[in-house]
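Geometric and topological summary
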Amino acid sequence: MVEHGDIRVVRRGGSKINFRQPVITNDSRLLLCASGHSVKVFSTSTEECVHELRGHTDLVTGVVVKPSNHLQAYSCSLDGTIRLWDFTDGILIKTYDIGYSIYSIHTSAFHKGVVFTVTSTISDKKSESFQLVAVHLPQSGDQLVKAPELSAVISDVSSNPGAIVFGRGGEYIASANGLHLEVFFFKKQKTYRFFLKKDTKTGGKNTFMCVAAHPKDDCIATGHEDGKIRLWRNFNHQKEYTYSTLHWHSNAVSSMCFTPEGTNLLSGGVESVLVQWRYNDVSQRDFLPRLGAAITHIAVSPDGALSCTSHSDNKITIIQGIKVSAVLQGLVTGESVETDLMVDPRSKALVLNGKPGHLQFYSLKRDKLLYNLDIVQQEYIHQLGLQQFKVVKVAFDASGNWMATVEERKQKDAEQELNLKLWAFDEQTQSFVLNTTVADPHESRITAMCFCQAAASQTTMLISASEDGHFKAWQLRRLAPGEDDGPSCLCDFVGAYRGLVPYCCCFSADGSLLAVSFQEVVTVWSPASWELLATLSQPPKAIRNLCFGRLSCSKYLLGTTDDHLLCCWNLLTCSLEWSTSMDISLLLGDPLTENIAAFCCHAGSTDLFVFKPSEPRPVFSLKAVCSGKVTHAVFAPREEMLESCEESSQWLNHSQLYFLTQCMDLMTFTTKAEEEKLMASSKQLLIDDSVAMTPFYLLLGKHRKGESGAAASGESAGRPPLPPLPQGSGAVKELLRTPAHVLPSTSFLCSMFVKSLLVSVGDASEESKPAEEEMKSEKEEEDSEGDMESSASRPERGSLARRSAEPAAPPLTKAQLRELRRVKKLDHSWLTGLLRS
Amino acid sequence: MGEFKVHRVRFFDYMPSAIRAMVFSTRTERLALARADGALEIFNFSDNYFQEKVLPGHDGRAVEALCWVGPRLFSAGLNGEITEYDLENLRPRYTVEAYGGPIWTISVNSQGTLLAVGCEDGTVKMFEVLKERIQFQRNLDRQKGRIISLSWHPSGTLIAAGMMDMIRIFDAETGRATHRLLVDRGAGASKSKEVVVWSIAFLSDHTIISSDSAGKVQIWDGLNGTLIRTHLITKWDVLALSVSQDESSLVAGTSEGTVVQFQFISSTVDRLDKDWVRTRTFKNHSHDVRALAHTETAVVSGGMDTQLVVRPLLDKVEKNTRESAMRKVSFPHVSLVCCAKKAGLLLFQFPDHLELWRLGESDGYGKLGGSLPVKRGQRETDQLKRKGEDHICCSALSPCGGWLAYSTNAKSLNPVPCVCSPGCRQPVHQLSASDNGKWLATANTDCEVHVYNLDKLKLHCTVPVYGSCPTAMAIHPTTSNLVVVHADQQIFEYSLVKKEYTEWSRRLQKQGLHSMWLERDTPITHVTFNPKNPAHIIVHDMFMFCIIDKSLPLPEAKNVLYNQMALRSLPEPDRVLHSHGFKICKDFQHLLCVSLLEDHSLVVVERPLLDIVSQLPAPVRQKKFAT
């Protein structure tokens, strides 16, 4: 088989943002965090992702701001490179090739031109151990630099970046690993080691978890497994060192951080409470409780205004003072995704289990959580061993009008509780509203559920198959506004076959056939008459997956069995067309093409095959996609088709294939062309968020939020986004940014402003603007110094992007743009306030 | 080891008295300790923390504060008197009335010339220390409210006094108050309550450290009279403070039973300005820590729970040595129980009375480790109240049970003509007579052991002086060998007939004792013999008793010392290979006495520490997690 070199597996969207400690920039406006193969730059005030710094080819393992230039940042990755970025513009400045996988990076102002990285020692492969290495970054103008000078500083360190910290001004570095603390003084080149016993008599566990160093004093704080915090002092003596103990956490302290002035120490752990200790009076503590999930990292901005905590549910909370000011939520992938991956046909969002009892709608395109939908509608109680309702199945119909969910609760000695809930999409609220709850739809667990995907007239059909040996067909009917009575959901048919347990069910694309697999037998039914049309079987093992072919291949039905067989039946002849032996863990049909994707588990890693049922050769195959078994994947339709002409990547043109690895990382496949396109689009300047903090800003901020996806507001309100309003166009935005003292007369502005609110009829009408104005603006442009070129090219690209992102917004004409550009040089946010109030 | 019928005695309701005050003399390495019943104890820290001297209490005397002036010990109490003690005859030498009401504190200047006491009436009185006596010199400015604590500046020119709600600094020469430092009251409900400055320390850099009833340890600038730092360390009182000799470390004892250490540490490595930083917390007490002493290497604390705790500072001592182990002194280092071997009687000594008990009897036979049916229970035969106000200091019972003798401090019991050897000035603390009444051995705190011939009433011999104090000794009834056990756990056997160490003793010294034996932290308080087997010596300390079989080989360093349980599981022939001369039993805990009766049954007097703790008053309430 041919390896297709240009298709790669990447993390795109839904990556962990809580993997490493986030970094807040010096002005507290931006937050940098490692996220999959890239570094994301968020705005701390608007929660928007400003840039995504792409370039690393493996997991990014650390981000630090360059000490000598606070507008640049280093990032390190397992691919063995350190990259220097200009994070305000999102430009890669330099790449340093180290040659070894880097696990974390540390810098200090004391060491110019040196960064400290943690690499694994190659000598001992069995038990992986790590060492701290000083890397001298060569001064060179080249883009790609090899860094040859490495010198080991401390051996046997922890790979956890929180266990290594620079002390006061970078004069020493402290590293904790296991049960010992090591302090290395650079000036004296001397190491001090301090050991603790594993357990104390009173049941304390002394294993070091994290380290923090006081910025002004010689004091190191260490967090321990039993929740104690020790403050070490006098550690430049091997014998006369001393420490004091603070104890509030009941469980391991996972992260600690001193504030920049050293007045406070912040600590957090699994209790999801941020504790603020006064450094001078440790008996006084402040708490910020109910942060939602266990704290994994804590970071404080260099000016001390902001602090942020990363949480285990892929969330970053930005805290101002002792109040939560913003929340950056990533894709939540817990230990298991019971619902499987789904795509909401309406919003094209990825749907899967989120918080306990919720479904999350995650926009893959914008890499943002749209909203959480509370399915269970019961208060979640966090307690060990307590069984709660879990959402286990979800299905959407073709138009996205209906959603069906199944929740179950299995208690040890009680009966299983099952609920089938049907949700109808409400146009007014733009969200799913609970329509019907069917308590105990089956006597036992529901194994499969699917909607009839055909564009039906009035009713929609839902099939649910259960371990009790039956499958049920439910007729869903949307009630007309007039009729209040009468059920909207009826059980239409109960089917069974020889008392066998149905495991899979599948509708053909046109909805004329229903295939239900009863263990090793596949039955084909006609949903119109509920007549058993045919039985197909391939004994001896049970059917694992079922999938109808589509478009030109719709006569085929594919199935995989437990004994590693992939079968393809021809439904016209009711005979086996072909079969092949493969251990397929997941069979997935692309809803837009006839392609079928099969994840095949082979020797501990997963291979991917994409094929058409009618053709003997696979369209595409990729070996060793990832390690472990892939059990969840989804074809997400693209919003704009790719025009790839290469045969191997054509299958990616219509939709994108996402899958979850065993470590719950969301991965996807990408081609070179697509990547280049993305790179190009990321270069375009994003609208910055430097809106002054005025009362109008609040109005504006709300307005912008609603317009740009309504993610934040939708999340709290549990509602999906409204379609963008027409007045949210660039014109208004530009207008609002104009300074007051250079503002043209109100009468002039007013007409322009009103015009911008109108839905444009055609470009021709705008073209007939007075020519002298255009001339004038051009002149001004020439006069303006500085980055002429960029400003000239900006709006065009911006408008392009905007057009694609907001199809409803009216496109701006050239004349309008020029006008705006002129106005943009001014900045006045108060104007909107006036205009709106 | 052999099998014994054991009388397990648990009816000795011995209750030690709470520790009230403590003072450590670095010059003599002695710790003086005052208990609530007025008894004073002197511990020799250079000799394994051995309780060298005990001055029995007195009903009217309540010692509130102690003070070493060179080798002289002074105390002051709420009876308003200052007492100097005669440490050779173990009794008060003289008392001086201060005429200022109850005295709360006493402090001597570093030159040892002036003694300052703080009185209830608000005066600080200065006494001049003369050679034989002390003499009132003058009063400092009288204040409103009692003087609770006093501390001299090392230069001797200034003195700081802790009072209610404030601290005063006096010029010692003029007697004028120069500064007044106001101490904050506690928050909340205790705002209306006066705050008591329980303890104060004046450091040579003019820093004043105070501890008060609002739970604070405060650091003041004594030159300007300003507050530098407040450390809130408890919700309750901070009762005691102690500063190390080099003024780099400080400990504070709280009502919660914790001892908090502060250290004088520079905040950064290369800078000189230092700061007092709270570092360690020790929790070795269940009740109030009333008294504290900071020695060079350890923190010594005592309080309501009657235990003296020596907690070594691990940064000052070598790790994993004898010094790095924590010690708790729970029982006195002298035996309070006397056993009449022939009559089966037990004499228990309390501070104010004696109890005589007859042991119970049983004729049954049980299996090893089981309990026997009691035919006749033990019963109290006699309770003897002492006369006068002085507490009983020693008592004895004759082996036949016919005679009982006790002594208080007031009148010495001197039935034998005095045969004191010249030059011996230290008090005799151990006395042992042979069963046949021929020999009498005495040991004093100068570590000298003299043997007298009672028939001739003259000194028979003097055992070569060993560097550590004898803690127990006995003369073997048949062989007339004197067995002496010292505070450093060494054992000697001295033949009175040959006037030399016996062969076994020489062998023991040559080979050396097992390291585990030397690491025990309580002294042997009693030595007795097995009348049936002259080779057996029975010794005990607080945690174990041991039968030393002189006929068996001595344990070598590689042997396991505590091997009785292991031996029991071995087959009979192998036992001989593994057994050694020290047969140790730890089945009985917190022993006060182990003795072998004539009928070859063992009497074991236990006083479990848990019983003592249960009789203590309730400790201060503390919030515990999830209650």
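Right above here is the structure, for reference.
Presented here is an overview of the structure given in this document.

**Some thoughts on the overall build of chain B**
For chain B, the count of helices and strands is five helices and 49 strands. For 627 residues, the compact-globule estimate of 2.2 N^0.38 gives 25 Å, and the C-alpha radius of gyration of chain B, at 27 Å, lies within 12% of that figure. On the principal axes, the C-alpha backbone points of chain B span a range of 80 × 60 × 50 Å. Going through the 627 residues of chain B one by one, you find that 56% of them count as buried. For chain B, the accessible area works out to roughly 27,800 Å², and carbon and sulfur atoms hold 52% of it.

**Notes on unusual backbone geometry**
One non-glycine residue with positive phi stands out, namely Arg498(A), at about 55°. With a relative accessible area of 70%, Arg498(A) lands in the exposed category. One non-glycine residue, Ser480(B), lies in the positive phi region at around 55°. Within the element layout of this structure, Ser480(B) appears in the loop between strand S40 (470-475) and strand S41 (481-486).

**Some words on the sheet that holds strand S32 (residues 353-358) of chain B**
Residues and elements named next belong to chain B. If you trace the four strands from one edge of the open sheet to the other, you get S30-S31-S32-S33, paired in antiparallel fashion. What marks the edges here is a single partner per strand, and that holds for strand S30 (337-340) and strand S33 (379-385). Averaged over all pairs of adjacent strands, the angle between strand axes in this sheet comes to 20°, irrespective of strand direction. Here five bridges tie strand S31 (residues 345-349) to S32, and the two strands are oriented antiparallel to one another. The partner of Gln 349 across the bridge, within S32, is Leu 354.

**Quick look at helix H5 (residues 746-757) of chain A**
Residue and element names in this part refer to chain A. Taking 1.5 Å per residue, 12 residues should reach 16 Å; H5 reaches 16 Å between its end C-alpha atoms and fits that length. Every buried residue of H5 is accounted for by Leu 749, Met 752, Phe 753 and Ser 756. Axial view of H5: buried residues confined to an arc of 100°, hence all on one face.

**Remarks on the interface of chain B and chain A**
The interface is formed by 17 residues belonging to chain B together with 17 residues belonging to chain A. For the pair chain B and chain A, the summed buried area comes to about 1,500 Å², and 46% of that belongs to carbon and sulfur atoms. If you sort the residues of chain B by the area they bury against chain A, Ile265(B), Val269(B) and Asp315(B) come out on top, with a joint share of 30%. For the pair chain B and chain A, the number of links is zero salt bridges. Summed over the shared surface of chain B and chain A, the result is three residue pairs in polar contact (both at pLDDT 80 or more). Among the secondary structure elements, those contributing two or more residues to the side of chain B that touches chain A are strand S21 (226-232), strand S24 (258-266) and strand S25 (274-283) of chain B. Looking at the side of chain B that touches chain A element by element, the count peaks at four residues for S25(B).

**Notes on the sheet that holds strand S48 (residues 591-596) of chain B**
Residues and elements named next belong to chain B. Ordered by their spatial adjacency, three strands build an open sheet running S1-S49-S48, and the pairing between neighbours is mixed. Only two strands of the sheet have a single partner each, and these edge strands are strand S1 (5-9) and S48. Put simply, the sheet's adjacent strands are angled 15° from each other on average, direction ignored. Bridge count for S1 against strand S49 (residues 601-606) is five bridges, and the pairing is parallel. Of the residues in S49, the one forming a bridge with Lys 5 is Ser 601.

**Comments concerning the side chain of Glu52(B)**
Residue and element names in this part refer to chain B. Residue placement: Glu 52 occurs in strand S5 (residues 50-55). Side-chain polar atoms of Glu 52 contact the side chain of Arg 30, separated by 2.8 Å. Polar contacts involving the side chain of Glu 52 include one to the side chain of Asn 44, which spans 3.0 Å. With residues near it in sequence (within four places) discarded, Glu 52 still touches Arg 30, Ile 42, Phe 43, Asn 44, His 429 and Thr 445.

**Details of the environment of Arg93(B)**
All names here are of chain B. Mapped onto the elements of the fold, Arg 93 is located in strand S9 (residues 91-97). Each C-alpha atom, one on Arg 93 and one on Glu 132, is 9.7 Å from the other, the two residues being 39 residues apart in sequence. With sequence-adjacent residues up to four places away left out, Arg 93 is seen in contact with Glu 84, Tyr 85 and Asp 86.

**Some details on empty space enclosed by the protein**
Residue and element names in this part refer to chain B. Applying the stated criterion to the full structure yields 10 cavities of 30 Å³ or more. A volume near 250 Å³ is recorded for the largest cavity. Phe 331, His 333, Thr 522, Pro 523 and Thr 525 are the residues nearest the centre of the largest cavity, which is lined by 27 residues in total. Put simply, the parts of the chain that give the lining of the largest cavity at least two residues each are strand S29 (327-329) and S48. Ranked by residue count, the leading element in the lining of the largest cavity is S29, at three residues. A class-by-class count of the residues in the lining of the largest cavity yields 12 nonpolar, eight polar and seven charged.

**Structural notes on helix H1 (residues 503-511) of chain B**
Residue and element names in this part refer to chain B. Residues of H1 that are buried: Trp 504, Ser 505 and Leu 508. Each buried residue of H1 sits inside an arc of 100° when the element is viewed along its axis, so together they form one side. Those residues of H1 that are exposed and aimed more than 90 degrees away from the buried face are Glu 503 and Lys 510. Next to the buried residues of H1 lie strand S42 (491-495), strand S43 (500-501), strand S45 (536-540), strand S46 (545-549) and strand S47 (582-585). Positive phi appears at Gly 512, one or two residues downstream of H1, with a value of about 85°.

**Structural notes on the pattern of salt bridges**
For the structure shown, the criterion picks out 36 salt bridges over all chains. For Arg544(A), the salt bridge is made with Asp562(A), and the minimal N-O distance between the two is 3.0 Å. Pair noted here: Arg544(A) is in strand S47 (residues 543-548) and Asp562(A) is in the loop between strand S48 (556-561) and strand S49 (565-570), with a separation of 18 residues, a long-range link. Given a relative accessible area of 34%, Asp562(A) falls into the partly exposed group. One network of salt bridges, in which partners are shared, links Arg72(B), Glu84(B), Asp86(B) and Arg93(B).

Calculation criteria
- Residues numbered from 1 in each chain as written.
- Chains lettered and ligands numbered in written order.
- Predicted model: local features only at pLDDT ≥ 70, side-chain atom pairs only at ≥ 80, totals over all residues.
- Heavy atoms only, no water.
- Helix = DSSP H or I, 4+ residues; strand = E, 2+ residues; numbered from the N terminus.
- Rg over C-alpha atoms; globule rule 2.2 N^0.38 Å.
- Buried < 20%, exposed > 50% of the residue type's maximum accessible area, 1.4 Å probe, protein only.
- Areas by Shrake-Rupley, 256 points an atom, 1.4 Å probe, with all protein chains shown as cover.
- Pairing = 2+ DSSP bridges.
- Axes fitted to C-alpha atoms, helices over the stretch in contact; angles between N-to-C directions.
- Expected span 1.5 Å × (residues − 1).
- Arc of directions from axis to C-beta.
- Contact = heavy atoms within 4.5 Å.
- Buried area = accessible area lost by both parts, 1.4 Å probe.
- Salt bridge = Lys/Arg side-chain N within 4 Å of Asp/Glu carboxyl O.
- Polar contact = N/O pair within 3.5 Å; in protein donor to acceptor, adjacent residues only side chain to side chain.
- 1 Å grid on protein atoms, 1.4 Å probe; cavity = no way out; pocket = protein on both sides within 12 Å on 5 of 7 lines; lining within 4 Å.
- Points joined across faces, edges and corners; volume = space filled by probe spheres on them.
- Nonpolar A, V, L, I, M, F, W, Y, C, P; charged D, E, K, R; others polar.

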